Amino acid sequence: MSPALAAFLTPSAFALKFATKGVLAMALALYAAFFFDLDRPYWALISAAFLQTRPMSGMVVEKGICQVAGTFVGTCVAVVIMGCFAQVPELALGSVTLWIGLCIYGASLTHNNLSYGCVMAAVACMIIVVLTSSAPDDFFSVALARLSELSLGALCAVVVSALVWPIRVRDHLGQLSDTAVNATFRYMALAFSMPLEADRAVNRDTAGQSQAHSQDLSQGQSQGQQRERMAMLEQMMTGLDALNNLEIDAHSARYEGPQGKGRIRGVHLLTRRSMRLYATLKALHQLRHPEFFVPSQSDDGEAIAPTGEQNQTQTQRQEAERFSQPTQDLMQRLGAAFQSMADNQGTAQARKTLKELRGECLRLSRGQRSITALEARLLFSLREVLGHALVILQAREVINHPGRHQLRQPSMSWHRDHGRAAIDALRAMAIFSATAIFWLATAWDNGAVAMLLGTLFSGIFVSRGDPAPIIPMVLKGLLLAVPSVLLFGNVMLSHAQHFVPFVIIFSIPLFIGLLGAVVPALAGIALPFVVFNILLVMPDNGMTFDVAYTLNRSLAAGIGLIVTIIGFRLIPVPGAGWDKRQLIRATASDIRELAERSTERLDSWFGGRMGDRLLRLARHEQTRSREQEARRSGENASGLPDDAQQQVLGMPLLTLGLTGMDIGRGIGFVRRELGNEVPRPVQHALRELIHALADDYQRCARGESPTRMRAAGDRLCEVIEQHHTMSRHKQALLAGWLTRVQLTLQSDALRQQRS
């Protein structure tokens with residue numbers, strides 16, 4: 001049975017509860033609107049319907065507050081516009097166009113339900129001005145009615161959400177945090193358990209088999225390694241997706257009691273430390289697998305591409321020189337330990353295991369006399385990884401039981417793309433202007449419906465990466481709603497003489513639509529189906545059951561959606577290339593600013609700004625992977641992607657973000673170790689290194705090898721040794737970090753060339 005049929009024929013218990021709660025909220029809103037004799041009760045219905053899309057109590061409350069606040073602000077702006085241009089409809093609509101652009105600009109820059117509040121401010125102003133442009137004397141009564149209807153619908157949705165099968169945000173956050181932590185631990189288990197390339201080569205050499213059989217074995221091992229990488233990427237994307245949802249949904253927890261703020265701080269801590277952990281793990285994984293590295297450069301600075309046999313020999317030699325056997329054994333133990341933790345090992349036991357492994361890392365780094373700078377840095381990074389894992393476990397405990405912990409954690413700094421926000425605002429203004437000109441030219445009463453839908457969907461889709469494919473699904477919802485309205489809204493409702501049979505008949509298509517809204521593949525059609533059933537029926541005390549009027553209104557809705565589709569096609573959303581350039585430029589700017597900021601809150605400031613960027617890059621990687629999957633013409637016999645597709649699985653965008661995070665954290669380490677009283681030559685050399693790292697980071701994002709950081713790093717090490725501002729051990733860690741960053745930037749540059 002297809003998922004579409006299963007959603008309606010064999011719905012889950014959650015789907016039945018969700019649909020029942022939605023219908024109850026809308027029925028209560030309709031009854032209250034009839035009881036208070038409001039002009040347009042269907043606005044209370046629409047308000048309750050929009051708030052029930054995420055039925056968790058805290059989210060409904062927060063969204064309701066944002067909806068009422070946005071409506072109030074939009075009403076106030078409409079008062080000003082009508083006070084100035086009541087006699088000149090053209091100027092009034094021009095002012096509304098500018099206000100819509102400003103609201104959509106704000107919706108694009110904000111997150112969570114604040115964006116929805118900005119959209120409602122635009123819609124409320126537009127509705128009031130359009131409805132009263134022909135009768136300015138009724139302005140205040142219409143404005144008060146719209147505010148009352150939307151507020152009433154929000155109140156009914158909040159009451160039903162809190163009393164009928166309540167779903168708490170805290171439970172939702174607990175499930176997401178478990179998913180994020182377990183996926184992160186599985187990623188770590190795979191990263192540390194993956195056999196080293198040198199071990200693979202040794203196993204092939206000691207097998208003593210024929211050349212043909214050896215080639216088959218090598219091919220099988222290569223395919224196994226690709227499967228391991230794909231499994232790692234899958235776990236990383238699962239963890240990042242859970243972290244993204246946590247950050248979006250966490251703010252609603254403040255409306256579920258005094259412990260909500262503690263849960264929000266726990267979410268911020270979990271997100272930041274997970275981002276740092278992924279950045280460190282990415283660097284460690286590249287260290288353990290030198291096949292990711294770019295070959296050494298020639299004198300003219302260009303990379304030398306060795307042959308396969310030379311590369312294998314060089315790989316074995318580099319691996320033997322990099323890490324001792326005790327360090328390799330320790331990493332294998334780490335992989336087994338993290339796999340055990342991901343398999344729901346108790347928190348207390350997991351914390352004990354992490355502390356023991358961290359102590360072993362410290363003993364190993366102090367016990368080896370002939371340790372190289374790179375291996376010393378590796379062991380230091382392993383201690384960092386284990387420390388991050390301990391904090392992640394604590395953050396999960398805070399989310400689930402905030403009363404047991406006292407935690408101070410600032411919120412994340414969101415990345416704000418003003419260029420994209422301006423494009424979103426321009427598109428919304430163009431869509432509204434087109435529908436407004438059409439309305440003025442035709443003097444069509446239902447033309448206001450086209451203006452409403454254009455404004456509404458222009459704002460709702462600003463948070464989408466590419467909403468153009470979604471809007472046709474909304475049009476399908478309209479096409480399905482028309483026959484439903486003709487049957488239930490015009491034929492059957494005309495025989496209902498009392499409120500109870502009226503609500504029962506009217507709720508049938510709404511209940512069916514809400515059942516389909518639970519299935520992600522159907523949500524883009526099912527939710528518009530519910531909204532259009534309300535808009536086309538328009539239940540009120542003086543409603544008429546006129547088929548011609550219903551078709552007329554349906555035509556206006558279709559025109560509004562078609563204009564919206566054309567607007568998104570003509571002024572498209574900036575693609576991944578735009579976002580990549582903006583995010584890389586902002587990251588490089590923050591890296592340069594690390595040279596000027598105080599060391600006290602260096603990590604929290606940089607980590608907070610990088611968290612949202614990493615999540616955005618992760619979403620772009622998911623979009624690119626889906627596009628590549630859709631374009632794929634076939635797979636090889638083993639079911640693995642070909643070489644061109646494997647480059648997409650390498651996630652070059654997310655890799656750049658993790659490298660930026662790692663560079664910023666390394667700079668923070670150096671500045672903390674040097675302290676505040678730094679000799680001027682050391683301070684000058686450090687500033688040169690930071691600017692060189694920022695420049696080379698932007699170079700590798702363009703696919704160019706780093707050119708400045710090696711000389712700047714050598715200069716800093718020389719100056720530090722001359723002025724004795726660091727211990728010998730810290731100097732070794734600094735040298736190892738510089739070597740690791742150099743190799744990482746070379747690897748990232750090669751990935752960008754191939755992607």
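The notes below deal with the structure included here. (Residues numbered from 1 in each chain as written. Predicted model: local features only at pLDDT ≥ 70, side-chain atom pairs only at ≥ 80, totals over all residues. Heavy atoms only, no water.)

Turning to the overall build of the protein chain, a few remarks are in order. Helix and strand counts for the protein chain stand at 28 helices and zero strands. Partitioning the contacts of the protein chain with sequence separation of at least 6, the portion at a separation of at least 24 is 81%. Summed over all atoms, the accessible surface of the protein chain reaches about 32200 Å², with 57% contributed by carbon and sulfur. (Helix = DSSP H or I, 4+ residues; strand = E, 2+ residues; numbered from the N terminus. Contact = heavy atoms within 4.5 Å. Areas by Shrake-Rupley, 256 points an atom, 1.4 Å probe, with all protein chains shown as cover.)

A word on the packing of aromatic side chains. Aromatic ring pairs: the centre-centre distance and the angle between the two ring planes describe each pair. Under the criterion given, the structure shown has 14 aromatic pairs. Geometrically, the ring pair formed by Phe 34 and Phe 499 is edge-to-face, given 6.1 Å between the ring centres and 90 degrees between the ring planes. Linking Phe 34 in helix α2 (residues 13-35) with Phe 499 in helix α19 (residues 499-517), this pair joins segments that are 465 residues apart in sequence. When the ring of Tyr 187 is compared with that of Tyr 278, the centres are 5.5 Å apart and the planes differ by 65 degrees; the resulting orientation is edge-to-face. Residue Tyr 187 is located in helix α8 (residues 169-193), and its partner Tyr 278 is located in helix α11 (residues 260-288); the two are separated by 91 residues in the primary sequence. Both residues of the pair, Tyr 187 and Tyr 278, count as buried. Of the aromatic side chains, those joined through ring pairs into one cluster are Tyr 31, Phe 34, Phe 35, Phe 36, Phe 499, Phe 502 and Phe 506. The ring of Tyr 116 carries the charged tip of Lys 63 above its face, separated from the ring centre by 4.7 Å. (Phe/Tyr/Trp six-rings, centres within 6.5 Å; stacked < 30°, edge-to-face > 60°. Buried < 20%, exposed > 50% of the residue type's maximum accessible area, 1.4 Å probe, protein only. Lys NZ or Arg CZ within 6 Å of the ring centre and 35° of its normal.)

Looking now at empty space enclosed by the protein. Empty pockets left among the atoms are what a rolling probe the size of a water molecule brings to light. Counting across every chain of the model gives four cavities of 30 Å³ or more. Volume-wise, the largest cavity comes out at about 170 Å³. What lines the largest cavity is a set of 17 residues, and nearest its centre among them are Trp 43, Ile 46, Met 120, Val 123 and Ile 127. Mapped onto the lining of the largest cavity, the elements with two or more residues apiece are α3 (41-51), α6 (112-132), α7 (139-163), α17 (447-460) and α20 (520-537). Broken down by element, the lining of the largest cavity gets its largest block of residues, five residues, from α6. Residues of the lining of the largest cavity, tallied by class, amount to 14 nonpolar, two polar and one charged. Counted as a void, the second largest cavity has a volume near 40 Å³. Elements represented by at least two residues in the lining of the second largest cavity include exactly α15 (373-400), α25 (652-674) and α28 (728-754). Broken down by element, the lining of the second largest cavity gets its largest block of residues, four residues, from α25. Here the residues of the lining of the second largest cavity sort into two nonpolar, one polar and five charged. (1 Å grid on protein atoms, 1.4 Å probe; cavity = no way out; pocket = protein on both sides within 12 Å on 5 of 7 lines; lining within 4 Å. Points joined across faces, edges and corners; volume = space filled by probe spheres on them. Nonpolar A, V, L, I, M, F, W, Y, C, P; charged D, E, K, R; others polar.)

Judged by nonpolar contacts, the single largest core of 106 residues is most densely connected at Leu 240 and Phe 338. Residues contacting Leu 240, with those up to four places away along its chain left out, are Met 275, Tyr 278, Leu 615, Ala 618 and Leu 654. Core analysis: the second largest hydrophobic core is formed by 105 residues, Ala 122, Ala 428, Val 474 and Ala 517 among them. (Core = buried A, V, L, I, M, F, W, Y, C linked by side-chain atoms within 4.5 Å.)

The next point concerns helix α18 (residues 471-492). An ideal rise of 1.5 Å per residue puts 32 Å on 22 residues; α18 measures up with 30 Å between its terminal C-alpha atoms. Of all the bends in α18, the greatest measures close to 35 degrees and is centred on Val 485. Lining the buried residues of α18 we find α17, α19, α20 and α21 (547-570). (Expected span 1.5 Å × (residues − 1). Bend = angle between axes of the 7 residues up to and from the residue.)

Checked against the element boundaries, Val 563 lands in helix α21. Judged by relative accessible area, Val 563 falls into the partly exposed class, the value being 22%. Separated by 109 residues in sequence, Val 563 and Gly 454 have C-alpha atoms that sit 7.2 Å apart. Setting aside residues no more than four positions away along its own chain, Val 563 makes contact with Ile 431, Ala 434 and Thr 435.

This paragraph deals with a nonpolar patch on the surface. There is a patch of nonpolar side chains on the surface, built from Leu 5, Phe 8, Leu 9, Ile 508 and Ile 512 and spanning about 450 Å² of accessible area. For the nonpolar patch, the secondary-structure elements that each account for two or more residues are α1 (3-9) and α19. No other element matches α1, which puts three residues into the nonpolar patch. For Leu 9, the location among the structural elements is in helix α1. (Patch = residues over 30% accessible without salt bridge, like charges linked within 9 Å, V, L, I, M, F, W, Y side chains within 5 Å. Salt bridge = Lys/Arg side-chain N within 4 Å of Asp/Glu carboxyl O.)

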